[in-house]
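Chain by chain, the residues:
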Amino acid sequence: MQIEDTALPGVKILTPRRFGDHRGFFSESWNRKALSAAGIDAEFVQDNHSLSRDVGTVRGLHFQSPPHAQGKLVRCGRGRLFDVAVDARKGSPTYGQWIGEELSFENGRQLWIPAGFLHGFATREPDTEIVYKCTDYYAPECDGAVRWNSAEIGIDWQVEGSAILSEKDDVAPLFNDFDSPFVWEGTA
């Protein structure tokens, strides 16, 4: 498995090897030993899978606050999406900065997003599926969102026309109005 650092310390791009033949391919999408060697010591407790029917669907920017903050290992099961992580750790040298990565069925890439980061994505193809592992269970009382198009973050979503949003995402606070529950502890 190829594991690359990004401009945001702790956020990593994982590209599992694919072994193919005339039938298709086999790929090991998660391996505790390989991730641990790369500094990702995650214990996953929940897998999530969602489908977005239309191109230009935006989900996010989402988070779960402590004590149920989640790290996520994200991949695209079908279609193509633009996946985004935003550093929301107060005091971090990269606070408010973002990275985005195209994840698709074809490229097989994954994004590791540690707790303390906001997460969102925009679909690039119809019927796009996102599949991700989480390090904590869903806790509705800790669920939160920041407006996907907060100008102070400046994410270039490359969405043509109007984004398709949930009501929750449409009314989420702007990043400048967000009192982050996350604190940078001097490490990734």
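In this text the structure is predicted, and so the values were computed from the model without any measurement.

## What about the packing of aromatic side chains?
Here is step 1 of the chain: Following the criterion strictly, the structure yields ten aromatic pairs and no others.
Here is step 2 of the chain: Judged by centre distance (5.2 Å) and plane angle (55 degrees), the ring pair of Phe-63 and Phe-178 falls under tilted. Of the two residues, Phe-63 sits in strand E6 (residues 58–64) while Phe-178 sits in the loop between helix H2 (167–170) and strand E15 (182–183), which places them 115 residues apart along the sequence.
Here is step 3 of the chain: For Phe-63, a relative accessible area of 12% translates into the label buried.
Here is step 4 of the chain: What makes Phe-178 buried here is its relative accessible area of 11%.
Here is step 5 of the chain: Their ring planes at 40 degrees and their centres at 5.2 Å tell us that Tyr-95 and Phe-175 sit as a pair that is tilted.

## Focus on the environment of Gln-110
Here is step 1 of the chain: You can see Gln-110 is positioned in strand E11 (residues 110–113).
Here is step 2 of the chain: Taking the C-alpha atoms as reference points, Gln-110 and Pro-16, 94 residues apart in sequence, are found 8.2 Å from one another.
Here is step 3 of the chain: At a separation of 2.9 Å, a polar atom in the side chain of Gln-110 contacts the main-chain carbonyl oxygen of Ser-29.

## Some words on the nonpolar core
Here is step 1 of the chain: Leu-61, Val-86, Leu-118 and Trp-157 are the most contacted members of the largest nonpolar core, which totals 19 residues.
Here is step 2 of the chain: Sorting the residues of this core by element identifies E6, strand E8 (80–87) and strand E12 (117–123) as the ones contributing at least two each.
Here is step 3 of the chain: Core analysis: the next-biggest nonpolar cluster, separate from the first, contains 16 residues, Val-74, Ile-99, Leu-103 and Ile-130 among them.

## So, the state of the cysteines
Here is step 1 of the chain: Scanning the entire structure with this criterion turns up zero disulfides.
Here is step 2 of the chain: Free of any disulfide, Cys-76 has its nearest cysteine sulfur in Cys-134, 16 Å distant.
Here is step 3 of the chain: Among the cysteines around Cys-134, which has no disulfide bond, Cys-142 carries the closest sulfur, lying 13 Å off.
Here is step 4 of the chain: For Cys-134, a relative accessible area of 0% gives the class buried.

## Concerning the pairing of strand E3 (residues 18–21)
Sheet faces and side chains relate simply in a regular strand, where the side chains alternate between the two faces.
Here is step 1 of the chain: Relative to strand E4 (residues 24–27), E3 is paired through four bridges, and the arrangement is antiparallel. Each residue of the ladder has a partner; that of Gly-20, found in E4, is Phe-25.
Here is step 2 of the chain: Counting the residues in the hairpin turn of E3 and E4 gives two residues.

What counts and what doesn't
Residues numbered from 1 in each chain as written. Predicted model: local features only at pLDDT ≥ 70, side-chain atom pairs only at ≥ 80, totals over all residues. Heavy atoms only, no water. Phe/Tyr/Trp six-rings, centres within 6.5 Å; stacked < 30°, edge-to-face > 60°. Helix = DSSP H or I, 4+ residues; strand = E, 2+ residues; numbered from the N terminus. Buried < 20%, exposed > 50% of the residue type's maximum accessible area, 1.4 Å probe, protein only. Polar contact = N/O pair within 3.5 Å; in protein donor to acceptor, adjacent residues only side chain to side chain. Core = buried A, V, L, I, M, F, W, Y, C linked by side-chain atoms within 4.5 Å. Disulfide = S-S within 2.5 Å. Pairing = 2+ DSSP bridges.

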